[in-house]
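Spelled out, the chains give:
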Amino acid sequence: MRNRLLSVVASIVLCSSIYADSIADSLMIEEVVVTGTRTTTDVRYLPMTVSVIGRDALTARHQSNVLPTVMQQVPGLFVTSRSMLGYGVSTGSAGGINLRGISGGAGQLMVLIDGHPQYNGVYGHPIADSYQTLMAERVEVLRGPASMLYGSNAMGGVLNIVTRAMPEDGMRTIVNLGAGSYGTVQADIANRWRCGRWGSTVAAQYGRTDNHRPRMGFEQYGGYMKLGYDISDHWKTYVDADITHFNASCPGSTSAPLYGSDQWITRGVVSAAVENRYDHNCGAVSVYSNFGRHKIDDGSADPATPTKRYFRSKDALTGISAYQSASLIEGNRVTVGVDYMNIYGRAYYTSKETGDVTDTPNKQSGRSYRNEVAGYVDVRQDLAEIVTVDAGVRVDHHSVTGTEWIPQAGVVVRLMSTGELKTMVSKGFRNPTMREMYLYPPSNEELKPERLWNYELSWHHRIAHGALTYGANLYYIKGDNMIQTMQVDGKPKNVNTGEIENYGLEMEARYAIDSHWSLSTNHSLLHMEHPVVAAPKYKGYAGADYRCHKWTVNAGIQYIGGLYTAVGKDEQKENFCLLNLSATYAMNKNLSLWIRGDNLLAQKYEINLGYPMPRATVMGGVNIEF
């Protein structure tokens, strides 16, 4: 049944290309991105592969978090999950972002908000529950190393959330309310305003659920604010802040239940920037601080003997970023930038009874500061109108691990006005985290950065004035110095001994049949010489969107094959197929009703070993706009 459903949808996508020539010229859109170059650039001139998920796609299925939609839309990207709502942290957590077999759970893939790094300063990984749809105008995913522009932790790629703003004078408010299976409730409100040179965005969000297993409750609330001012036609500035707090419980795996395993997490970010834009040059200076407060009860196997202490951590990632880009001659673009980051982290335990700090198996008294300073230059040059050459280098100095050089180079050949052949060679790296160097017995202060090289060849083509677009990517990744925990002199120790050798194929296509119907599909094949958890060998998605009068219907089917849930001698893999459907009915211009069903085939599957996922679930709600 699963294979038959996939075959039908795939056939529709392939056969529909026969009729693509009947689509109007107006569908040809030149897509611009900022993630691959820091400046607004036509993606056709960039040698790297960047996927863009716009606001319409992010909100079509009424998901409160951007990650479920991003996982569907981007080939090669997989996000771990454990429940209907809430990724959580620590034991049994999910929200690990894996791209081409390179894991964000280990800090090897970076999440950005408006180009600013977002990760836990102690553990080095992103906090998935922080990435709310209410703040996002679009999400850009650069597949492959982005360390030349963004430094450490971008060795596997970056996911950049571009925040919202009001483009024209006026005010708009949107309220979205929903409820569904397992006592799940979600609510958010967003107001955007602009008057002359001033503009603002203010949003708030709340969500809670009991989830499908006992002791797996989740509750979250947060808010976002952005205030901007256009100093002149060429200069503008803004300040923004985002904060989210969530309480989560972990029931443990089905084979090893936990009692009293609870988490109280607060994450926030504040930033300010001044930007300039002229005909031949542009740039920005920004300051930011990403911070967190974590309180965790690890729980116990026996409810009669609860733990006696909390694990706590504080972290802050504070930085300054500046760049300027200029066109020196025709077809040329030179970007020069500098980055500085101070990374602070403290991990400790407190007694439940007295609140006193208890034993901390940390070096440096559980507290650490690190600094990173870097400079980079990127040069892009058009040659003979059909060729673009791009080359860049970054020198990055870390206060503990020293200096790293990160080059990248690529070529784009526009064989026709509607198609590009791209090739790319890039280096990625990741500095060891505070946990790996100072926290717990396996820690090792002598660790060196992880490194990898990525080689990529891609083809992208638009047919029928952009109604049908498709692309394919071949890549090869070779890495060493990966940090692993090994037995050294009879004791566990973190050492630079692991290797990465991955290669694969990614394919995607989109087809706007007419004003009512559009189809999309993407597929990825991954081979790993050294398998890792949460990296499927095959990931495929096919979706259809229908819009007519007051109705909008979105259907999608996703197949995951060869997903590693355990590696080594006890290796385990999962295969599953998920059918999702959502429908929205606009009662009038201000009010619409929606319903969403997930896993409608009621598949039984696990993504995290020992954490079964929910069967079919349903959500419904109302959207009010004025």
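Residues numbered from 1 in each chain as written. Predicted model: local features only at pLDDT ≥ 70, side-chain atom pairs only at ≥ 80, totals over all residues. Heavy atoms only, no water.

Q: An account of the overall build of the chain is requested, with residue identities and associated values reported.
A: Counting its secondary structure elements, the chain contains five helices and 36 strands. Relative to its length of 626 residues, the chain is compact, with a C-alpha radius of gyration of 24 Å against a globular reference of 25 Å. Seen along its three principal axes, the alpha-carbon backbone of the chain occupies a region of about 70 × 55 × 55 Å. For the chain, buried positions account for 54% of its 626 residues. Of the contacts made within the chain by residues no fewer than 6 positions apart, 62% connect residues no fewer than 24 positions apart. Working note: accessible area of the chain is about 25900 Å², and carbon and sulfur atoms make up 58% of it. If you average the places of the 58 positive and of the 59 negative side-chain charges in the chain, the two averages end up 5 Å apart. (Helix = DSSP H or I, 4+ residues; strand = E, 2+ residues; numbered from the N terminus. Rg over C-alpha atoms; globule rule 2.2 N^0.38 Å. Buried < 20%, exposed > 50% of the residue type's maximum accessible area, 1.4 Å probe, protein only. Contact = heavy atoms within 4.5 Å. Areas by Shrake-Rupley, 256 points an atom, 1.4 Å probe, with all protein chains shown as cover. Lys, Arg positive; Asp, Glu negative; His and termini not counted. Charge placed at Lys NZ, Arg CZ, Asp CG, Glu CD.)

Q: I'd like a rundown of the pattern of salt bridges, residues and numbers included.
A: In a structure, side chains of opposite charge can pair up when their charged atoms sit close to one another. Following the criterion strictly, the structure yields 25 salt bridges and no others. The partner of Asp315 in a salt bridge is Arg267, with the nearest N and O atoms 2.8 Å apart. Taken together, the residues span a long stretch of sequence, with Asp315 in strand S20 (residues 309-326) and Arg267 in strand S18 (residues 259-277) at a distance of 48 residues. What emerges from the salt-bridge pattern is a single network uniting Arg100, Arg143, Glu456, Glu506 and Glu508. (Salt bridge = Lys/Arg side-chain N within 4 Å of Asp/Glu carboxyl O.)

Q: Explain the packing of aromatic side chains to me, and be specific about the residues and the numbers.
A: Tallied over the entire structure, the rule returns 11 aromatic pairs. Ring geometry for Trp264 versus Tyr310: centroids 5.8 Å apart, planes at 90°, classification edge-to-face. With Trp264 in strand S18 and Tyr310 in strand S20, this pair connects stretches of sequence that are 46 residues apart. With relative accessibility at 28%, the residue Trp264 sits in the partly exposed group. Ring plane angle 50° and centroid distance 4.9 Å describe the contact between Trp551 and Tyr585, whose orientation is recorded as tilted. With Trp551 in strand S31 (residues 551-566) and Tyr585 in strand S32 (residues 572-586), this residue pair connects regions lying 34 residues apart in the sequence. Looking at Trp551, the relative accessible area reads 43%, which means it is partly exposed. Through pairs of rings, three or more aromatic residues link up here, namely Tyr123, Phe311 and Tyr349. (Phe/Tyr/Trp six-rings, centres within 6.5 Å; stacked < 30°, edge-to-face > 60°.)

Q: For the pairing of S20, give the residues involved together with the corresponding values.
A: As paired elements, strand S19 (residues 281-300) and S20 share 16 bridges and run antiparallel to each other. Bridge pairing in S20 places Val285 opposite Ala322. Summarising the sheet, S20 and strand S21 (residues 332-351) pair through 18 bridges and their orientation is antiparallel. Counted as the bridge partner of Tyr310 is Thr350 from S21. Here S20 hands over to S21 after five residues, with Gly331 in that stretch at a positive phi of 75°. (Pairing = 2+ DSSP bridges.)

Q: Kindly report on the sheet that holds strand S4 (residues 77-79), identifying the contributing residues and their values.
A: Strand order in the open sheet formed by three strands is S4-S5-S6, with antiparallel pairing between adjacent strands. The two strands at the open ends of the sheet, each matched to only one other strand, are S4 and strand S6 (102-103). Of the pairings in the sheet, the one linking S4 to strand S5 (residues 97-99) comprises three bridges and is antiparallel in character. Residue pairing for S5: Leu77 is matched across the bridge by Leu99.

Q: Describe the sheet that holds strand S9 (residues 136-143), listing the residues and the values that go with them.
A: In spatial order, the strands read S3-S9-S10-S7-S8; together these five strands make up an open sheet with mixed pairing. Two strands lie at the open edges of the sheet, namely strand S3 (49-54) and strand S8 (116-118), each paired on one side alone. Pairs of neighbouring strands in the sheet enclose a mean axial angle of 25°, with direction left out of account. (Axes fitted to C-alpha atoms, helices over the stretch in contact; angles between N-to-C directions.)

Q: Please give an account of the side chain of Ser271 that cites residues and values.
A: By the secondary structure assignment, Ser271 is in strand S18. Under the relative-accessibility criterion, Ser271 is labelled buried at 9%. In terms of polar contacts, Ser271 uses its side chain to reach the side chain of Asp240, at 2.3 Å. Here Ser271 is in contact with His116, Tyr238, Val239, Asp240, Val287 and Tyr288, once residues within four sequence places are set aside. (Polar contact = N/O pair within 3.5 Å; in protein donor to acceptor, adjacent residues only side chain to side chain.)

Q: Now, about a nonpolar patch on the surface: what can you tell me, with residues and values included?
A: Together, Trp198, Val202, Met225, Leu227 and Val239 make up an exposed nonpolar region whose accessible area comes to about 400 Å². Take Leu227: it is sitting in strand S14 (residues 218-230). Since its relative accessible area comes to 33%, Leu227 is described here as partly exposed. (Patch = residues over 30% accessible without salt bridge, like charges linked within 9 Å, V, L, I, M, F, W, Y side chains within 5 Å.)

Q: If you had to explain the nonpolar core to someone new, which residues and values would you point to?
A: Nonpolar side chains in soluble globular proteins generally cluster together in the buried interior. Membership of the largest hydrophobic core comes to 37 residues, with the highest contact counts inside it found for Val66, Leu67, Val70, Leu77, Leu159 and Ile161. Beyond its immediate chain neighbours, meaning those up to four positions away, Val70 contacts Ile53, Leu77, Val139, Val141 and Leu159. Counting 30 residues, the second largest nonpolar core, distinct from the first, contains Leu112, Tyr119, Tyr288 and Met434. (Core = buried A, V, L, I, M, F, W, Y, C linked by side-chain atoms within 4.5 Å.)

Q: I'd like a description of the side chain of Thr41, backed by residues and values.
A: With respect to the helices and strands, Thr41 occurs in strand S2 (residues 41-42). Under the relative-accessibility criterion, Thr41 is labelled buried at 4%. With residues up to four places along the chain from it excluded, the contact list for Thr41 reads Glu31, Val32, Val33, Leu46 and Arg380.

Q: Give a detailed account of unusual backbone geometry, specifying residues and quantitative values.
A: Positive phi, normally seen in glycine, also occurs at Arg215, with a value near 60°. A positive phi angle is found at Ala602, which is not glycine, with a value near 55°.

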